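A structural walkthrough
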Amino acid sequence: MTVTTENIPHRLAGRVALITGGSRGQGAAHALRLATEGATVYIADILDDDGHRTAGELQAKGLDVTYAHLDVTSTNDWEDLRNKISAAHQRLDILVNNAGIVHVTPIAEETLQAWNTVLSVNLTGAFLGLHTMIPLLRKGNRPAVVNTSSIFGPSGAVGYAAYAASKAGMLGLTRTAALEFADDGIRVNALVPGGVSTPLNAHEPGTGVVPETPMGRRADPAELAAAVAYLVSDDAAFVTGTELVVDGGFRAR
Ligand SMILES: NC(=O)c1ccc[n+]([C@@H]2O[C@H](COP(=O)([O-])OP(=O)(O)OC[C@H]3O[C@@H](n4cnc5c(N)ncnc54)[C@H](O)[C@@H]3O)[C@@H](O)[C@H]2O)c1
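Residues numbered from 1 in each chain as written. Predicted model: local features only at pLDDT ≥ 70, side-chain atom pairs only at ≥ 80, totals over all residues. Heavy atoms only, no water.

For the rest of this paragraph, the subject is the nonpolar core. Grouped burial of nonpolar side chains is what soluble globular proteins tend to show. If you look at the biggest cluster of nonpolar residues, it comprises 29 residues, and the most contacted ones within it are Leu18, Leu92 and Met133. Those elements giving two or more residues to this core turn out to be β1 (16-20), β2 (40-45), α3 (75-89), α4 (112-138) and α5 (161-181). Once residues within four sequence positions are removed from consideration, Leu18 is found in contact with Tyr42, Ala44, Trp78, Leu81, Ile85, Leu92, Ile94, Leu95, Val96 and Met133. Counting 28 residues, the second-largest nonpolar core is a separate cluster that includes Ala31, Val196, Ala219 and Ala229. (Core = buried A, V, L, I, M, F, W, Y, C linked by side-chain atoms within 4.5 Å. Buried < 20%, exposed > 50% of the residue type's maximum accessible area, 1.4 Å probe, protein only. Helix = DSSP H or I, 4+ residues; strand = E, 2+ residues; numbered from the N terminus. Contact = heavy atoms within 4.5 Å.)

This paragraph deals with the sheet that holds β2. Reading across the sheet, the seven strands line up as β3-β2-β1-β4-β5-β6-β7 and stay open at both edges, with parallel pairing between neighbours. Looking at the sheet topology across the chains shown, the edges are occupied by β3 (65-69) and β7 (243-246). Direction aside, neighbouring strands of the sheet carry axes that sit 20° apart on average. Where strand β4 (residues 94-97) meets strand β5 (residues 144-148), four bridges bridge the pair, whose relative direction is parallel. By the bridge assignment for β5, Asn97 is matched with Asn147. (Pairing = 2+ DSSP bridges. Axes fitted to C-alpha atoms, helices over the stretch in contact; angles between N-to-C directions.)

Next up on the list: the environment of Asp234. Here Asp234 lies in the loop between α6 (221-232) and β7. Each C-alpha atom, one on Asp234 and one on Arg142, is 7.9 Å from the other, the two residues being 92 residues apart in sequence. Leaving out residues up to four positions away in the same chain, Asp234 has contacts with Arg15 and Arg142.

Structure follows, in structure tokens:
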């Protein structure tokens, strides 16, 4: 049993959403879910062909989804996208900082360059998203932000030092942003996925964290998208500065 496309509520009508890393994987699933719930959705990524294809497929379903190029490490790209969304809507209601990369190397063999690249995409990218979009979020309609962490944020994982540090950093960024922007009415929460079937781990040897996952499988991306939709909806109106763990029981061990 997983999340189905039947009986999806319509909680996000009229809201304007931006999802980074939306060309494929969880980001594309978030776009499908948020747009199905009524949002106008921008997906932004460096994978332009995939992004245009994903947006086209969702548009073919009658959904309001637009692709925009964005390297989350580029301040210029963030400013260009802020100007584009500002010109079209004058505000942003939902920001999902989902873009991320994985790199697996033991600390003793890690390079500074690889470390910096992972931190730059996974953590600095989310900081830049918040920093750049805050003026539009402050004008937003019930604004909400979701930062994608990982079970390797609250836990350690051998070989994943840079990734785990970036995802732990996302939790600190989330809590601090929730405190700083509560007076503006902007809610900020973290999504903490366990193993999810996406291109990110498609080439991973073995089954990743499945053996340590009590439910014995990876998540379908739609199961994470349902959690994001809850966090940005009015159903989570009093939820900020916290973490929603969606991991099939991994953290309960
Ligand atoms: N798949 C898992 O098991 C899992 C588990 C926990 C957390 N996560 C996190 O979930 C998020 C989504 O990952 P996914 O599983 O959908 O993987 P994915 O590789 O399918 O998607 C990640 C997306 O981020 C984009 N991206 C990478 N660098 C970028 C950059 N500089 N600028 C803009 N976009 C960029 C990629 O092009 C890709 O479209 C990531 O933050 C990942 O760390 C994944």
